[in-house]
Amino acid sequence: MKDLGTVNLSADDWDEQNFPRPNSNDFDNVVERAISRRGFLSGVLAFGSGAAVMGTGLLGSTSAKAQEAASRFAFSPIDIQTDFDVHVPQGYSWKVLVRWGDALMPAAEGYDITEGGPVEGSDMVFGENTDGMELFAYQGHELIAINHEYTNRGTNLPAAQEGTPANAADVLKLQNLQGVAVMEIRETDSGWRVVTDSPFNRRIHHNTPMTIAGPAAGDDLLKTDADPTGTRCLGTFNNCGSGRTPWGTYLTCEENFNGYFGANDAPESAHAALVAEGYSRYGIGTEGWGYDYHKWDARFDTAVNPNEPHRAGWVVEIDPTDPTSTPIKHTGLGRFKHENAEVVLAPDGRVVVYMGDDERGEFLYRFVSNGTYRTGGPTDGLLNDGTLYVAKFNDDQTGEWLALTPETTGMTPAEIAVFSRIAGSAVGATTMDRPEWIAANPHAVEAYCCLTNNKNRGVEPNAGGDETPVGGPNPRETNHYGQIVRWRPFNDDHAADGFDWDLYVMAGNPTVYNNVYGGSSNITPGNMFNSPDGMMFDDNGLVWIQTDGDDSNEGDFEGMGNNQMLVGDPVTGEIARFLTGPKGAEVTGLTWSADRRSMFVGIQHPGGSWPDGDGLPRSSVIVVKRDDNGILG
């Protein structure tokens with residue numbers, strides 16, 4: 001994700017600047033082995049879905065299959081764009097549903113964002129930088145739960161302050177504009193709108209009370225002076241991707257939480273060794289990313305509250321149908337920079353949650369519950385009582401899930417939960433090219449993960465010193481285009497410990513390169529993209545891919561234009577461009593109305609003055625419809 005509070009500096013770049021990695025590792029042999037072996041690269045690219053083609057290396061022409069795929073795409077692919085607007089195919093149209101600063105409750109009507117907006121009412125408006133979202137149909141109501149990942153301080157604070165909070169009120173406003181919104185929406189003759197007087201509407205922010213559950217709840221690592229029990233905390237942070245449970249609740253995922261913490265004085269030297277290692281591995285520094293929370297809110301001052309960062313970095317469960325419910329942080333799902341949480345059921349009813357840690361060289365995780373889910377049955381413990389695993393990918397296109405237990409890691413259950421990255425390193429997990437959204441195919445027992453990019457692949461180790469060799473699902477050194485890895489669990493069982501894997505696509509630029517950086521053969525001059533990020537399947541089994549990459553349209557990225565949303569056919573490998581976002585924006589977050597005739601898409605940190613045409617840029621959710629009101633996905 002882009003610019004998380006520091007101008008022109010990504011979260012990963014900030015981490016590397018403040019927590020330098022060793023300059024090099026012994027990569028020469030693995031680089032030579034993988035990057036030059038066309039046979040290896042051919043073997044990992046298999047566009048077709050299912051056991052019959054998994055691992056067979058179908059790298060030949062897809063032209064015949066492309067004709068077959070075209071009948072599944074109910075639109076004509078669009079060209080790239082470089083302007084400050086949204087574009088969709090002919091026969092489709094879009095409108096803004098809601099923008100940063102729009103009222104979610106009657107008391108916030110007329111909220112004025114001209115100077116970034118006042119503090120009063122900032123907890124009752126649509127927040128900043130929309131991201132993951134899910135729609136819930138409940139007793140005739142349609143409710144969207146949606147993340148607000150971070151703020152654009154230069155926009156959300158008065159211009160004269162140049163993005164720097166001047167007082168505690170500024171910090172409180174920034175805290176209010178982030179987190180999660182739950183809002184009822186309704187379609188009328190004039191289109192979709194937010195029902196501002198709905199009793200379901202709710203803002204969940206950095207000061208909302210939360211419950212802590214699972215193996216780390218009550219542990220000394222989570223105790224603070226304000227919460228000596230280690231079971232209650234305030235706020236959910238840097239909410240990136242999302243997920244939903246079979247029992248109808250929303251999962252919001254805390255990603256780059258480390259940037260909210262700092263220290264006004266030197267941190268205590270008495271930190272236990274594991275806590276100090278955790279600060280380094282998770283990027284907990286003394287200055288933060290410029291939010292300056294620690295200067296105005298002692299909760300975020302690690303010299304005063306050294307355990308407070310341990311209370312962030314979790315998956316949080318929210319009941320969108322009950323505005324009085326308390327969100328739950330599930331420590332059984334591990335603590336890292338969560339992108340999203342994809343929930344599936346094993347054949348025996350156990351709950352499986354796939355999760356990616358969005359940092360260069362970090363890991364892909366899976367949780368498997370001990371208990372089983374049945375419709376209408378109890379769900380307590382299903383997201384905490386179980387085993388956390390980390391993925392190991394082998395070069396022979398098999399893989400295994402390595403259990404993170406006291407026996408395999410030498411750590412306690414609470415330590416495994418709080419320091420999941422350290423546990424993953426202990427068992428030898430595969431370092432990945434920034435695992436972002438994971439999506440499971442509704443028509444086949446397989447899952448996909450966007451590996452967005454990794455400039456350090458084959459160059460530097462990760463934050464824990466683990467090597468990042470070229471090979472396996474990460475086959476390119478200094479990877480700035482990204483790829484999508486796919487795996488099929490053994491025996492069609494997501495709870496199985498083994499799997500086969502291949503690459504659905506390697507993004508690239510075939511107009512610039514005629515080697516592996518040109519991308520896989522389902523990448524053409526007409527569908528190029530970089531940095532796949534968001535991903536979601538529709539009911540038809542098509543996969544929608546959203547990007548958050550370089551939109552300079554120059555050099556290695558010439559011909560790619562603005563960030564975009566594409567749709568892919570897992571059966572044939574065909575990929576086509578459906579939507580382009582405004583210059584400067586990330587396209588992120590996707591869900592559908594209950595009748596599948598409307599698609600809701602998030603536009604984060606747009607450039608220019610989109611969508612109003614003048615004034616400040618406003619992160620928004622748009623509605624896309626077919627002009628004939630046909631089913632869309």
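Note that the structure is predicted; figures quoted are calculated from it, not measured. (Residues numbered from 1 in each chain as written. Predicted model: local features only at pLDDT ≥ 70, side-chain atom pairs only at ≥ 80, totals over all residues. Heavy atoms only, no water.)

Caption draft 1: Spotlight on the overall build of the protein chain. The helix and strand tally for the protein chain stands at eleven helices and 28 strands. Within the protein chain, the fraction of its 633 residues that count as buried is 63%. For the protein chain, the share of sequence-separated contacts (at least 6 apart) that also reach a separation of at least 24 residues comes to 66%. (Helix = DSSP H or I, 4+ residues; strand = E, 2+ residues; numbered from the N terminus. Buried < 20%, exposed > 50% of the residue type's maximum accessible area, 1.4 Å probe, protein only. Contact = heavy atoms within 4.5 Å.)

Caption draft 2: Fine view of the packing of aromatic side chains. This structure, assessed with the given rule, holds 31 aromatic pairs. On the basis of an interplanar angle of 85° and a centroid distance of 5.8 Å, the ring pair of phenylalanine 237 and phenylalanine 300 is categorised as edge-to-face. With phenylalanine 237 in the loop between strand E8 (232-234) and strand E9 (239-244) and phenylalanine 300 in the loop between helix H8 (293-296) and strand E11 (315-318), the pair connects residues that are 63 residues apart, well separated along the chain. Exposure class is identical for phenylalanine 237 and phenylalanine 300. Each is buried. Measuring from centroid to centroid gives 5.4 Å for phenylalanine 261 and phenylalanine 300, while their planes differ by 40°, and the two rings are tilted. Of this pair, phenylalanine 261 sits in the loop between strand E10 (250-254) and helix H7 (273-282) while phenylalanine 300 is found in the loop between H8 and E11, placing the two residues 39 residues apart along the sequence. Grouping residues by exposure puts phenylalanine 261 and phenylalanine 300 together as buried. (Phe/Tyr/Trp six-rings, centres within 6.5 Å; stacked < 30°, edge-to-face > 60°.)

Caption draft 3: How the structure looks around unusual backbone geometry. Note the cis peptide between tryptophan 610 and proline 611, where omega equals 5°. Tracing the sequence through the fold places proline 611 in the loop between strand E27 (598-604) and strand E28 (620-626). Backbone geometry at asparagine 238 places phi at a positive 45°, although glycine is not the residue there. Here asparagine 238 lies in the loop between E8 and E9. On the basis of relative accessible area, asparagine 238 is assigned to the buried category, the value being 0%. The phi torsion at aspartate 492 lies on the positive side, around 55°, for a residue other than glycine. Summarising the element assignment, aspartate 492 is placed in the loop between strand E20 (483-489) and strand E21 (498-506). Its relative accessible area of 38% is what places aspartate 492 among the partly exposed residues.

Caption draft 4: Spatial organisation of the pairing of strand E22 (residues 532-537). Most of E22 sits inside the fold, with six of its six residues counted as buried. Between E22 and strand E23 (residues 543-547), which follow one another and run antiparallel, lie five residues, and glycine 541 among them has a positive phi close to 85°. (Pairing = 2+ DSSP bridges.)

Caption draft 5: View of the sheet that holds strand E14 (residues 350-357). Taken in spatial order, the nine strands line up as E13-E14-E15-E16-E17-E21-E20-E19-E18 in an open sheet, and their pairing is antiparallel. Strands at the two margins of the open sheet, each flanked by one partner only, are strand E13 (338-345) and strand E18 (435-440). Within this sheet the neighbouring strands show an average axis-to-axis angle of 30°, counted without direction. For strand E17 (residues 398-403) and E21, the ladder comprises three bridges, and the chain directions are antiparallel. Looking at the pairing, glycine 399 lines up with phenylalanine 499 of E21. (Axes fitted to C-alpha atoms, helices over the stretch in contact; angles between N-to-C directions.)

Caption draft 6: Examining the confidence of the model for the protein chain more closely. Averaged over the protein chain, the pLDDT score is 91; the fraction of residues at 70 or greater is 89%. Predicted confidence in the protein chain is weakest over helix H2 (residues 28-35), with a mean pLDDT of 37, and strongest over E10, with 99. Here residues 1-6 scores under 50 on pLDDT; set against residues more than four positions off or in separate chains, the count is 37 contacts. Low pLDDT (under 50) marks residues 24-42, which in the prediction has 43 contacts with non-local residues, meaning those over four places away or in another chain. (pLDDT = per-residue confidence, 0-100.)

Caption draft 7: Here's a closer look at the sheet that holds strand E12 (residues 328-330). As summarised here, the arrangement of the six strands in space is E8-E7-E12-E11-E10-E9, forming an open sheet in which the pairing is mixed. Each end of this open sheet is capped by a strand with a single partner; those strands are E8 and E9. Averaged over all neighbouring strand pairs, the angle between strand axes comes to 35°, with direction disregarded. Across four bridges, E9 lies against E10 in antiparallel orientation.

Caption draft 8: The arrangement of the side chain of arginine 476 in detail. Tracing the backbone shows arginine 476 in the loop between strand E19 (447-451) and E20. No salt bridge is formed by the buried arginine 476, whose closest oppositely charged neighbour, aspartate 433, lies at an N-O distance of 6.8 Å. Within the structure, the side chain of arginine 476 is placed 2.9 Å from the backbone oxygen of glycine 482, a separation counted as a polar contact. For arginine 476, the side chain forms a polar contact with the main-chain oxygen of alanine 507, separated by 2.8 Å. (Lys, Arg positive; Asp, Glu negative; His and termini not counted. Salt bridge = Lys/Arg side-chain N within 4 Å of Asp/Glu carboxyl O. Polar contact = N/O pair within 3.5 Å; in protein donor to acceptor, adjacent residues only side chain to side chain.)

Caption draft 9: How the structure looks around H7. Residues of H7 that are buried: Val275, Gly278, Tyr279, Arg281 and Tyr282. Each element contacted by the buried residues of H7 is listed here: helix H10 (413-418) and helix H11 (420-426). Just downstream of H7, glycine 283 is the residue with a positive phi angle, here 75°.

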